[in-house]
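Fold and contact review
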Amino acid sequence: MARRRIHLTALTALPALLLLAGALAPVTARAADTPAADTLAPPRTVSAWLPYWDQENAYQDALEHAAQIRTISPFWYQVKSAGRVDGHPGAGERRIINGLHDKGIQVVPTVMETMKPGALGAVMTSADRRAEHIDALLAVVRSRDYDGIDLDYETIAPSPDATYRAVRTGYADFVTGLCARLHEMRKQCFVTVTPKTRTSGRVWDYERLGAAADRVRVMAYNLHYAEGAPGPLSTPQWYDEILATATAQVPRAKLEMGLPAYGWNWAVGDKARARHVTWKDAEALRRKEKAPYTLDPDSSTPHFTYQDGTTRRTVWYQDARGTAAHLTVLRDHGVPHTVLWALGFEDPGVWKVLADG
């Protein structure tokens with residue numbers, strides 16, 4: 001599963017390229033003022049998610065790099081049922097919303113869900129429950145001075161063979177209806193999805209989602225994940241496959257490629273779930289263990305191995321050097337927009353890499 005399982009473990013309860021001319025100019029109008037805002041706003045190409053469990057640190061990170069950022073999506077809301085959307089701790093903090101707006105940054109909060117298998121699919125395949133859920137989401141948007149909403153609905157991704165076609169159609173119907181209502185309110189509609197390749201992402205109707213939404217965010221990480229075998233979170237070859245499909249089905253101007261600023265720490269030869277590490281965690285651990293810095297030549301991803309008592313452990317993560325190598329693929333596909341998972345996790349050097357393209 002994609003990145004949202006990261007914070008569940010971390011809490012034990014529980015993403016730019018060539019910056020175009022003028023990209024660093026101040027925003028003179030709020031991008032949410034029109035559904036066609038992406039064509040009017042300065043062409044900022046870096047967005048980022050703000051994790052609620054490290055909210056103040058992430059907020060200060062956003063302010064420090066505000067000149068590069070066009071949208072912040074605080075990870076603030078969680079779906080409990082078709083008609084119920086709850087806030088995480090700190091959700092809707094006006095000081096943060098106002099502070100980001102003062103810097104010319106859009107605030108488009110993310111709504112995620114961790115419903116039981118099949119539960120969200122049942123909502124998406126019922127016209128009445130879709131309508132109920134749209135109303136609940138619009139209430140969230142009206143509750144604060146938000147510029148729109150970002151949907152991160154992942155439990156439908158592994159829908160079984162018998163139901164995935166109906167769920168795919170229902171979800172596309174739902175997004176189309178929600179985006180239309182948001183546009184009537186002069187708000188933006190974002191959709192976050194897992195990568196669509198030959199072997200993954202079949203539940204997403206990229207063409208319909210791309211037609212309805214203002215942005216489609218592809219979480220291009222977790223090629224190797226917490227419950228699987230050790231390895232890089234992403235590779236240039238994988239990015240090429242992802243973007244070949246995405247750019248054929250979604251307008252390039254609407255695509256945001258999700259970049260990782262984290263990694264996983266696996267016990268070698270053990271099937272136990274890997275530990276989540278941010279770049280900061282990984283580098284601190286590497287130095288503590290006096291492990292040499294190694295960049296895997298195939299994936300352009302840093303990794304190291306160390307001994308933890310009687311357990312051999314291996315860590316794969318991403319840093320500025322690896323990100324620079326991966327951005328080449330985005331350039332090749334003409335995709336200028338990125339979204340970072342997540343603020344406060346990253347190698348500080350990644351901001352210069354993103355500015356340089």
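Residues numbered from 1 in each chain as written. Predicted model: local features only at pLDDT ≥ 70, side-chain atom pairs only at ≥ 80, totals over all residues. Heavy atoms only, no water.

Across its full length, the protein holds 11 helices and 15 strands. Here the protein holds 357 residues, and 57% of them are scored as buried. Here the protein displays about 13900 Å² of accessible surface, and carbon together with sulfur accounts for 53% of that area. (Helix = DSSP H or I, 4+ residues; strand = E, 2+ residues; numbered from the N terminus. Buried < 20%, exposed > 50% of the residue type's maximum accessible area, 1.4 Å probe, protein only. Areas by Shrake-Rupley, 256 points an atom, 1.4 Å probe, with all protein chains shown as cover.)

The next subject is the pattern of salt bridges. Should the charged atoms of two oppositely charged side chains come close, the side chains can pair. Evaluation of the coordinates by the stated rule reveals 17 salt bridges. R217 is the partner of D150 in a salt bridge, and the nearest nitrogen-oxygen pair spans 3.2 Å. Remark: R217 occurs in strand β8 (residues 215-218) and D150 occurs in strand β6 (residues 148-152); sequence separation between them is 67 residues. Residue classification places R217 among the buried positions, given a relative accessible area of 0%. (Salt bridge = Lys/Arg side-chain N within 4 Å of Asp/Glu carboxyl O.)

Moving on, we come to the sheet that holds strand β11 (residues 275-278). An order of β11-β10-β14-β13-β12 is seen for the five strands of this open sheet, with the pairing classed as antiparallel. The open sheet has two edge strands with one neighbour each: β11 and β12 (294-296). Ignoring strand direction, the axes of neighbouring strands in this sheet form an average angle of 30 degrees. With three bridges connecting them, β12 and strand β13 (residues 301-308) associate as antiparallel partners. (Pairing = 2+ DSSP bridges. Axes fitted to C-alpha atoms, helices over the stretch in contact; angles between N-to-C directions.)

Where β12 hands over to β13, the hairpin turn is made up of four residues, of which S300 adopts a positive phi near 55 degrees. Judged from the six bridges that link them, β13 and strand β14 (residues 311-317) form a sheet pairing that is antiparallel. Across the sheet, the residue bridging to Q307 is R312, located in β14. Between β13 and β14, which follow one another and run antiparallel, lie two residues, and G309 among them has a positive phi close to 65 degrees.

For strand β10 (residues 262-267), a buried count of six out of six residues is recorded, marking the element as mostly surrounded by other parts of the structure. Burial along β10 is two-sided: the face carrying Y262, W264 and W266 and the face carrying G263, N265 and A267 are both buried. In the sheet, β10 pairs with β11 via four bridges, with the strands oriented antiparallel. Within β11, the position partnered with Y262 by the bridge is T278.

Two elements in contact, helix α5 (residues 127-142) and helix α6 (residues 164-184), have axes separated by 10 Å at closest approach and are oriented at 40 degrees. It follows that α5 is oblique to α6 by the angle criterion. Crossing of α5 over α6 shows right-handed handedness. Here R130, H133, I134, D135, L137, L138, V141 and R142 of α5 lie close against α6, whose contacting residues are G170, D173, F174, G177, L178, R181 and L182. (Parallel < 35°, antiparallel > 145°, perpendicular 65-115°, else oblique. Left-handed = near helix turned anticlockwise from the far one by under 90°. Contact = heavy atoms within 4.5 Å.)

To continue, consider the environment of P232. Considering the arrangement of structural elements, one finds P232 in the loop between β8 and α8 (236-249). On a C-alpha basis, the gap between P232 and S299 in space is 6.7 Å, while along the polypeptide they are 67 residues apart. The residues contacting P232, other than those within four sequence positions of it, are L223, H224, S299, T301 and W316.

Using the criterion set out here, one finds 17 aromatic pairs in the structure. Arranged with centres 5.6 Å apart and planes meeting at 65 degrees, the rings of Y171 and W204 form a pair that is edge-to-face. Residue Y171 is found in helix α6, and its partner W204 is found in the loop between β7 (188-193) and α7 (206-212); the two are separated by 33 residues along the sequence. Considered together, Y171 and W204 belong to a single accessibility category, that of buried residues. Aromatic ring contacts, followed pair by pair, group W49, Y52, W53, F75, W341 and F345 into a single cluster. Note that R217 overlies the ring of W49, its terminal NZ or CZ placed 5.2 Å from the centroid. (Phe/Tyr/Trp six-rings, centres within 6.5 Å; stacked < 30°, edge-to-face > 60°. Lys NZ or Arg CZ within 6 Å of the ring centre and 35° of its normal.)

Ranked by internal contacts, the top residues of the largest apolar core, which has 92 residues, are Y153, Y171 and F174. In contact with Y153, not counting residues within four places along its chain, are V79, V111, E113, L120, M124, H133, L137, Y171, F174, T192 and W204. V277, L285, A291 and V315 belong to the second-largest nonpolar core, a separate cluster that totals nine residues. (Core = buried A, V, L, I, M, F, W, Y, C linked by side-chain atoms within 4.5 Å.)

This paragraph deals with α8. Helix length check: α8, at 14 residues, gives a terminal C-alpha distance of 20 Å against a target of 20 Å (1.5 Å per residue), a fit within 8%. Along α8, the residues classified as buried are P236, W238, Y239, I242, L243, A246 and T247. The secondary structure elements touched by the buried residues of α8 are α7, β8, β9 (255-260) and α10 (320-332). (Expected span 1.5 Å × (residues − 1).)

Let us look at the state of the cysteines. Taken as a whole and assessed by the stated rule, the structure comprises one disulfide. Two residues, C179 and C189, share a disulfide whose sulfurs are 2.0 Å apart. Handedness of the C179-C189 disulfide follows from its S-S torsion of about -60 degrees: it is left-handed. In this pair, C179 is assigned in helix α6 and C189 in strand β7, connecting sequence segments 10 residues apart. The residues C179 and C189 share a single accessibility class, namely buried. (Disulfide = S-S within 2.5 Å.)

Here the residue pair W341 and A342 is connected by a cis peptide bond, since its omega of 0 degrees sits within 30 degrees of zero. By the element assignment, A342 lies in the loop between β15 (338-341) and α11 (350-356). The phi angle at R186 is positive, at roughly 60 degrees, despite the residue not being glycine. Although it is not a glycine, N222 adopts a positive phi angle of roughly 70 degrees. Tracing the backbone shows N222 in the loop between β8 and α8. Overall, the relative accessible area of 9% leaves N222 in the buried class.

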